[in-house]
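Chains, contacts and geometry: an overview
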Amino acid sequence: MYKNAKVVYDDIVLDAGYIEINNENNVITAKGIKDSIGEYTQLPIFKQGGQESVQDSLQYNFKSEKAKIWNLKTEQEGLIIRGQYSKKYNDSILFLENIKITSSQKENPDYYIATKRAKFIKDSKLVAGRSQLYIVDVPTPVVLPFAYVPLTKGRTSGFLMPTWGDTTEQGYFLQNGGYYFVVNDNLDLAILGDIYTNGSWGLRAESSYKKRYKSSGSFTLSYENLISSLKGLDDYGKTTNYNIRWSHSQDTKASPNSRFSASVNMGSSKYFKESYNEYNSNSFLNNTLSSSVSYYKNFVNTPFNVSLSVTHSQNTNTEAINMTLPSLQLNMDRIYPFTGKNGAKKNALQKTGLNYSLKSENRISTTDDEFFTSKMFSEARSGVQHTSSLSTSIKALNYFTISPSLSYEEVWYFDRLNKEYDDIENEVVTDTISGFNAFREYSTSVSLSTTFYGMYTFKKGKIEKIRHTVRPSVSYGYRPDFSFYDEEYQQSDDPTDIATYSPFANGIYGSPGSGLSNSISLSLNNNIEAKLRKKDSTSTEEAEKITLLNNLNFSTSYNMAADSLKWSPVNVTAGTNFFNNKLSLNARATLDPYALDATGNKINTFNIENGGSLFRITSAGLTMNYSLSSKGNKDNKSGQQSNRDANNSDGIFGENLNASNRVSKDSNEEESSETTAKLFQSTIPWSLKLAYALNYSNSIRQNEVTSHSLMFSGDLDLTPKWQVGFSSGYDIKDKGFSYTQLRFSRDLDSWKLNFNWVPFGTRQTYYFFIGIKSSMLSDLKYDKRKVSDKVLY
């Protein structure tokens with residue numbers, strides 16, 4: 001058969017330009033043919049059981065299933081295997097001579113591993129003799145006496161090659177070396193270690209899991225034993241740090257009425273500052289570690305739902321730790337007990353809604369040194385809070401809404417304070433007495449609100465109309481004086497020296513309100529929008545609307561029951577967007593109507609009566625965020641990357657400097673994606689993000705700019721395969737640069753090159769990596785890391 005010949009035999013499909021079948025010896029011969037210009041085309045393509053190979057020619061015995069193959073080319077799990085001469089023993093085993101192993105798709109590959117002889121077992125392994133690495137046909141000194149390449153489908157267990165480097169304090173080191181275990185299809189585990197020549201070491205366990213339509217997550221446990229200097233010297237230091245991270249999310253299809261989630265980041269307060277192998281930029285620059293593990297359950301056909309959670313918040317500067325262990329909350333959705341027939345809500349009574357919630361917490365405040373000790377649990381505080389509210393709404397005069405409400409709160413505690421004067425010691429003794437204690441509060445309020453609009457029409461110009469929306473609101477609130485819960489105690493040896501205290505002062509939900517509250521609150525919200533004139537008056541499309549002012553809000557209150565300083569400060573907030581929402585601007589200010597005396601204390605005299613202006617600006621702030629990019633440069637990041645950026649101030653603080661051999665599903669997804677490189681010509685894709693912040697304080701005449709900074713980050717694609725990124729900032733107040741990071745990346749087709757550099761600061765470091773993209777040959781790499789020098793305390 002000649003030209004586009006095809007033979008099908010059992011599970012074998014053979015396509016070639018020329019096929020000859022010899023029934024006497026049961027041999028099929030296949031080869032290509034030359035076209036009109038003399039090129040060798042229609043090469044034999046051999047398919048069997050999902051395996052495909054291309055060769056110059058072959059001879060196949062369809063009885064013994066053995067074959068001879070010349071210039072074989074086949075692909076297995078991303079690896080391309082080329083053999084000059086091969087013998088097929090059966091449908092699974094192949095012997096090859098003069099072979100090249102590569103992941104490059106080019107006819108002349110960027111690199112290959114050359115070996116004289118090898119045995120290939122389908123979906124299992126490739127075993128070869130002496131092997132040598134060639135780069136663009138140039139032999140390198142990288143020679144192995146033998147090679148073993150696993151070719152099993154999916155993930156496989158194996159060793160993880162370490163990264164090497166050196167530091168002034170720790171000496172030479174090997175980091176992130178270890179072993180990767182595939183436990184099953186849903187779970188994996190990587191055990192990694194670090195070792196330094198000065199005796200420091202670290203261990204880390206990383207695991208990820210995923211159950212389709214159920215849940216997914218990851219878990220990391222890190223422990224480090226770090227030594228600085230030499231024993232016997234004054235600057236000798238030794239410290240141990242640990243960190244636990246756990247992320248768990250439940251698939252929405254798993255259970256529509258219940259969900260379990262976890263986000264844990266806890267450990268030693270100095271871990272991210274002292275670790276030599278932790279490059280999470282966001283965790284390093286923030287001074288707070290937080291965790292939350294929660295379970296939520298909705299009871300179907302009832303208004304009730306319950307949630308149980310454990311939370312953790314840790315200040316890495318003060319080493320203070322606050323936990324709720326646990327927190328239970330029961331909520332009742334709003335119900336309408338007085339609805340009419342068929343649930344109708346026509347009058348105020350029928351619109352009356354009732355809410356209820358129960359919250360119970362066990363709070364713990366401790367430090368790094370006392371974490372999970374008996375003292376931590378002995379000083380825990382707990383309580384139960386019940387809150388309920390009854391509210392409705394009434395339409396008045398067609399334009400106004402009146403909303404009265406009544407609130408009730410009851411708090412239970414399991415201990416109380418007791419203060420007594422000790423005549424012998426001549427001091428006040430404060431004791432904590434166990435037992436059930438409770439207090440109750442109630443309050444009422446009513447609000448009046450409306451919305452009105454102002455419209456202005458332009459006869460000419462791009463803008464057709466401007467609409468001003470105003471939402472004023474007046475509310476009145478009343479809360480009785482609950483100081484009758486307070487108790488008296490003698491302060492000194494004088495029996496008439498009496499003071500009061502609240503026995504609930506240490507309660508987690510506070511103590512009963514002291515003093516009558518009888519206040520009026522005022523607020524005014526503004527919004528301005530514009531409608532653009534249609535370019536084509538005959539168009540049926542709606543005119544474009546734009547927002548000129550997102551909000552301009554004013555709020556204050558007046559406490560009629562207070563004996564002085566009845567007016568609260570006026571809070572002003574404003575926000576808008578410019579340049580097609582690329583520039584976001586937000587401002588705030590606090591205006592106090594009262595004056596200060598010579599010592600800086602607020603007095604019951606209006607500032608204008610004291611010779612000043614109508615208001616004193618006690619604090620103000622301005623933030624601006626500007627995002628720029630070249631035309632057509634769209635953000636096509638993955639969901640995981642977008643989430644990381646969202647937790648990292650849109651990436652303004654830089655990216656994490658992860659090791660190349662860290663197990664990451666994201667990186668695998670990126671390697672499997674295909675991109676087409678096009679010439680940029682006169683357009684070079686770029687993006688730039690700016691974040692400006694200014695804060696001012698003048699509460700006691702200090703007239704101080706408390707913070708003033710500009711953060712910036714960007715990316716620039718110099719060519720389709722060269723990317724440059726940077727992130728930095730400048731502290732205008734203290735005149736210094738903040739955390740700065742430079743990033744360089746080069747796509748080398750089947751290779752990748754990365755260089756990340758933090759040029760100055762306490763986190764000064766760099767990381768260089770060049771290696772093969774294919775996960776099958778990921779250990780064929782060179783990487784070098786310079787770890788920043790740190791002082792341990």
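See the structure shown above.
Presented here is a report on the structure given in the accompanying data block. (Residues numbered from 1 in each chain as written. Predicted model: local features only at pLDDT ≥ 70, side-chain atom pairs only at ≥ 80, totals over all residues. Heavy atoms only, no water.)

Helices and strands together make up the secondary structure of the chain, namely five helices and 51 strands. For 793 residues, the compact-globule estimate of 2.2 N^0.38 gives 28 Å, and the chain exceeds it by more than 25% at 36 Å. When the backbone C-alpha atoms are referred to their principal axes, the chain occupies close to 120 × 90 × 60 Å. A buried classification covers 33% of the 793 residues belonging to the chain. In the chain, the proportion of contacts linking residues at least 24 apart, taken out of those at least 6 apart, comes to 50%. A total accessible area of about 45,400 Å² is found for the chain, and carbon and sulfur atoms account for 54% of it. Distance from the positive charge centre (87 side chains) to the negative charge centre (83 side chains) of the chain: 10 Å. (Helix = DSSP H or I, 4+ residues; strand = E, 2+ residues; numbered from the N terminus. Rg over C-alpha atoms; globule rule 2.2 N^0.38 Å. Buried < 20%, exposed > 50% of the residue type's maximum accessible area, 1.4 Å probe, protein only. Contact = heavy atoms within 4.5 Å. Areas by Shrake-Rupley, 256 points an atom, 1.4 Å probe, with all protein chains shown as cover. Lys, Arg positive; Asp, Glu negative; His and termini not counted. Charge placed at Lys NZ, Arg CZ, Asp CG, Glu CD.)

In this structure, Leu-14, Ile-19, Leu-58, Tyr-60, Leu-96, Phe-120 and Leu-126 are the most contacted members of the largest nonpolar core, which totals 34 residues. Tyr-413, Tyr-485, Phe-504 and Tyr-509 belong to the second-largest nonpolar core, a separate cluster that totals eight residues. (Core = buried A, V, L, I, M, F, W, Y, C linked by side-chain atoms within 4.5 Å.)

This part takes up empty space enclosed by the protein. Within this structure, the stated rule accounts for two cavities of 30 Å³ or more. Within this model, the largest cavity holds a volume of roughly 50 Å³. Surrounding the largest cavity, Val-7, Tyr-9, Ile-12, Leu-14, Ile-28, Phe-46 and Tyr-60 form its lining. Every element with two or more residues in the lining of the largest cavity is listed here: β1 (2–9) and β2 (12–22). In the lining of the largest cavity, the residues fall into seven nonpolar, no polar and no charged. (1 Å grid on protein atoms, 1.4 Å probe; cavity = no way out; pocket = protein on both sides within 12 Å on 5 of 7 lines; lining within 4 Å. Points joined across faces, edges and corners; volume = space filled by probe spheres on them. Nonpolar A, V, L, I, M, F, W, Y, C, P; charged D, E, K, R; others polar.)

Two elements, strand β19 (residues 171–184) and strand β20 (residues 187–196), share nine bridges in a ladder whose sense is antiparallel. Considered in β20, the bridge of Tyr-179 is made with Ile-191. Connecting β19 to the next strand, β20, in antiparallel fashion are two residues. In terms of strand pairing, β20 meets strand β21 (residues 201–211) through nine bridges, oriented antiparallel. The residue of β21 that forms the bridge with Asp-194 is Gly-202. With antiparallel pairing between neighbouring strands as the criterion, β20 and β21 make up a hairpin whose turn holds four residues, including Gly-199 at a positive phi of roughly 105°. (Pairing = 2+ DSSP bridges.)

Position of Ser-269 relative to the elements: it lies in the loop between β24 (258–267) and α1 (271–274). Ser-269 gets classed as buried once you look at its relative accessible area, which sits at 3%. Spatially, the C-alpha atoms of Ser-269 and Ile-321 are 9.4 Å apart, while their sequence positions differ by 52 residues. When near neighbours in sequence (up to four residues on either side) are disregarded, Ser-269 contacts Gln-314, Asn-315, Thr-316, Glu-319 and Asp-368.

Right, let's get into the packing of aromatic side chains. Applying the stated criterion to the full structure yields 35 aromatic pairs. With 5.7 Å between their ring centres and 55° between their planes, Trp-70 and Tyr-85 make a pair best called tilted. Taken together, the residues Trp-70 in strand β9 (residues 67–76) and Tyr-85 in strand β10 (residues 79–88) connect sequence positions 15 residues apart. When the centroid spacing of 4.8 Å and the interplanar angle of 85° are considered together, the rings of Phe-159 and Tyr-179 count as edge-to-face. Separated by 20 residues along the polypeptide, Phe-159 in strand β17 (residues 158–160) and Tyr-179 in strand β19 bring together distant segments of the chain. Every member of this aromatic cluster is reached through a ring pair, and the members are Tyr-413, Phe-439, Tyr-442, Phe-482, Phe-484, Tyr-485 and Phe-504. Positioned over the ring face of Tyr-112 is Lys-100, at 4.6 Å from the centre of the ring. Note that Arg-259 overlies the ring of Tyr-296, its terminal NZ or CZ placed 4.4 Å from the centroid. (Phe/Tyr/Trp six-rings, centres within 6.5 Å; stacked < 30°, edge-to-face > 60°. Lys NZ or Arg CZ within 6 Å of the ring centre and 35° of its normal.)

Residues Asp-10, Asp-11, Glu-65 and Asp-91 make up a contiguous surface patch of negative charge. In this fold, Asp-10 is placed in the loop between β1 and β2. Owing to a relative accessible area of 68%, Asp-10 belongs among the exposed residues under this scheme. (Patch = residues over 30% accessible without salt bridge, like charges linked within 9 Å, V, L, I, M, F, W, Y side chains within 5 Å. Salt bridge = Lys/Arg side-chain N within 4 Å of Asp/Glu carboxyl O.)

Here we take up the side chain of His-248. Note that His-248 resides in strand β23 (residues 237–250). A relative accessible area of 12% means that His-248 is categorised as buried. Within the structure, His-248 has its side chain in polar contact with the side chain of Tyr-209 (distance 2.7 Å). (Polar contact = N/O pair within 3.5 Å; in protein donor to acceptor, adjacent residues only side chain to side chain.)

Moving on to the side chain of Ser-222. Relative to the assigned elements, Ser-222 resides in strand β22 (residues 215–228). Among the polar contacts listed, one links the side chain of Ser-222 to the side chain of Tyr-271, at a separation of 3.4 Å.

Turning next to unusual backbone geometry. Following Leu-325, the chain continues to Pro-326 via a peptide bond in cis, the omega torsion being 0°. Here Pro-326 shows up in strand β27 (residues 320–335). Backbone geometry at Val-136 places phi at a positive 40°, although glycine is not the residue there. Following the sequence through the fold, Val-136 ends up in the loop between β14 (131–135) and β15 (138–144). Taking the relative accessible area as the measure of exposure, Val-136 reaches 54% and is therefore exposed. The phi dihedral of Phe-579 is positive, around 55°, even though this residue is not glycine. Structurally, the position occupied by Phe-579 is in the loop between β39 (570–578) and β40 (583–592). Given a relative accessible area of 56%, Phe-579 falls into the exposed group.

Among the 11 residues of strand β12 (residues 111–121), eight are classified as buried, and the element is accordingly described as predominantly covered. Where strand β11 (residues 93–102) lies against β12, eight bridges are found, and the strand directions are antiparallel. Along β12, the bridge assignment pairs Ile-93 with Ile-121. When β12 meets β14, the two strands line up antiparallel, connected through five bridges. Within β14, the residue paired with Thr-115 across the bridge is Ser-131. With four bridges connecting them, β12 and strand β13 (residues 125–128) associate as antiparallel partners. The partner of Phe-120 across the bridge, within β13, is Leu-126.

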